[in-house]
Amino acid sequence: MRERQADFPGVSEWSLSMQDNFELNGLKIKNMVVGMVQTNCYVLSNVKTKKAVIVDPGDQANVICKYLREEGLELEGILLTHGHFDHIIGVSGVLENYHVPVYAYEAEKAMLEDERLNCSVQVGNPATVIGAIYKKADETFEAAGFPVKLIATPGHTKGSCCLYFEKNECLFSGDTLFLESVGRTDLPTGNSRAIIESVNSLMNLPEDTYVFPGHGPATTIKYEKANNPFVENRA
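Now for a look at the structure at hand. (Residues numbered from 1 in each chain as written. Predicted model: local features only at pLDDT ≥ 70, side-chain atom pairs only at ≥ 80, totals over all residues. Heavy atoms only, no water.)

The next point concerns the environment of Ile-196. Mapped onto the elements, Ile-196 comes out in helix α5 (residues 192–202). Spatially, the C-alpha atom of Ile-196 lies 34 Å from that of Val-63, the residues being 133 residues apart in sequence. For Ile-196, the contacting residues outside a window of four places in its chain are Phe-230 and Glu-232. (Helix = DSSP H or I, 4+ residues; strand = E, 2+ residues; numbered from the N terminus. Contact = heavy atoms within 4.5 Å.)

Now the structure itself:
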C-alpha cells in the first residue's frame, strides 16, 4: 500500500499503478479498471469503520461486489462523476446486491435517465440510472465518514462533476481532468470551451492534491499546473 508522499516527482519518475491500493489520511482507495474502455472504478473505504462508497462502477459489478465482500466493507452509496455508459453500466448490478443510494450532480439527470444520450444503446448495452439523489454544485455531504464536496465541472458532459475529499487531499475527476490532458467533448452535451474553463478552475485546489481520473494514471494538481497543455499560464 502506498503512503501519502510529500511531493510528486513527475510521471517519468513515479507512476500510479491502475491496480494499487492507496491510503490517504484514513481513506483507502482501491482502483479497479473495468469495462470495454478501461474505466477507473474506485472503491473508497474508511480504514477505521469499514464503511465504503463506490465511484463510477462502470461495469463488472460482480468483481466490484466480490471485493466488497472479501474486504468486509459496508457499502453506503455510489457516487457518479457523470452519466456516460462506461461509468454507469455496473450500477444496476451493484444495486442488486446492495440497496444503497446513488449520488450525482443535478445537471446530469437527463443523461443518466436517457440510454441514447448516455451512449449505452450505441454500444449495445442499454443502461440508465433512475431515482438518483441529485446534489447541487459546491454541496458538501458525507461519504464513508468523510466530507466530500461536489465541484461542477461541465464540458465532458453538461453535468460532469469532480468529487473533492479535502481532508484526504484527493480529487476524483471523472473524465474532466486526465494526466496531461482533458476529456473529449464530441459526445452529447459536451462543450470544449466549458471543459477548458472547468480544468483551469481545478488548478485553484491545493497543489499536493492527488487527482484520480476516470481513465489512465493518477496525477496531482501540481503536476498538471506545470505540464497539462490545456492549463493556462502553466507554472
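What follows deals with helix α1 (residues 61–71). Restricting attention to buried positions, one finds in α1 the residues Ala-61, Ile-64, Cys-65, Tyr-67 and Leu-68. Projected down its long axis, α1 carries its buried residues within an arc of 155 degrees, all on one side. Residues of α1 that are exposed and point over 90 degrees away from its buried face: Asn-62, Arg-69 and Glu-70. Those residues of α1 hidden inside the fold are in contact with β1 (21–24), β2 (27–34), β3 (39–46), β4 (51–55), β5 (74–79) and α3 (91–97). Phi turns positive one or two residues past the end of α1, at Gly-72, with a value near 65 degrees. (Buried < 20%, exposed > 50% of the residue type's maximum accessible area, 1.4 Å probe, protein only. Arc of directions from axis to C-beta.)

Among the residues of α5, those classed as buried are Ala-194, Ile-195, Ser-198, Val-199, Asn-200 and Leu-202. Structurally, α5 contributes buried residues whose contacts are with β9 (146–152), β10 (161–165), β11 (170–174), β12 (177–178), β13 (181–182) and α6 (221–227). If you check the start of α5, you find a side-chain oxygen 3.0 Å away from the backbone N of Arg-193, and it comes from Asn-191. (Polar contact = N/O pair within 3.5 Å; in protein donor to acceptor, adjacent residues only side chain to side chain.)

Read across the sheet, seven strands follow the order β1-β2-β3-β4-β5-β6-β7 without closing on themselves; strand pairing throughout is mixed. Pairing within the sheet leaves two strands with one partner each, and these edge strands are β1 and β7 (133–135). Neighbour-to-neighbour, the strand axes of this sheet turn through a mean angle of 25 degrees, independent of strand direction. The sheet contact formed by β3 and β4 spans four bridges and is antiparallel. Bridging from a neighbouring strand, Leu-44 pairs with Val-53 of β4. In the packing of α1 onto the sheet, contacts are made with β1, β2, β3, β4 and β5, and the angle to β2 comes to roughly 150 degrees. (Pairing = 2+ DSSP bridges. Axes fitted to C-alpha atoms, helices over the stretch in contact; angles between N-to-C directions.)

Time to look at the pairing of β11. Most of β11 is tucked away, with five of its five residues classed as buried. The side-chain alternation of β11 yields two buried faces, one formed by Cys-170, Phe-172 and Gly-174 and the other by Leu-171 and Ser-173. As paired strands, β10 and β11 are joined by three bridges and run antiparallel to one another. Across the sheet, Tyr-164 pairs through a bridge with Leu-171, a residue of β11. Between β10 and β11, which pair antiparallel one after the other, the connecting turn spans four residues, and Glu-169 there sits at a positive phi close to 60 degrees. Across four bridges, β11 lies against strand β14 (residues 210–213) in parallel orientation.

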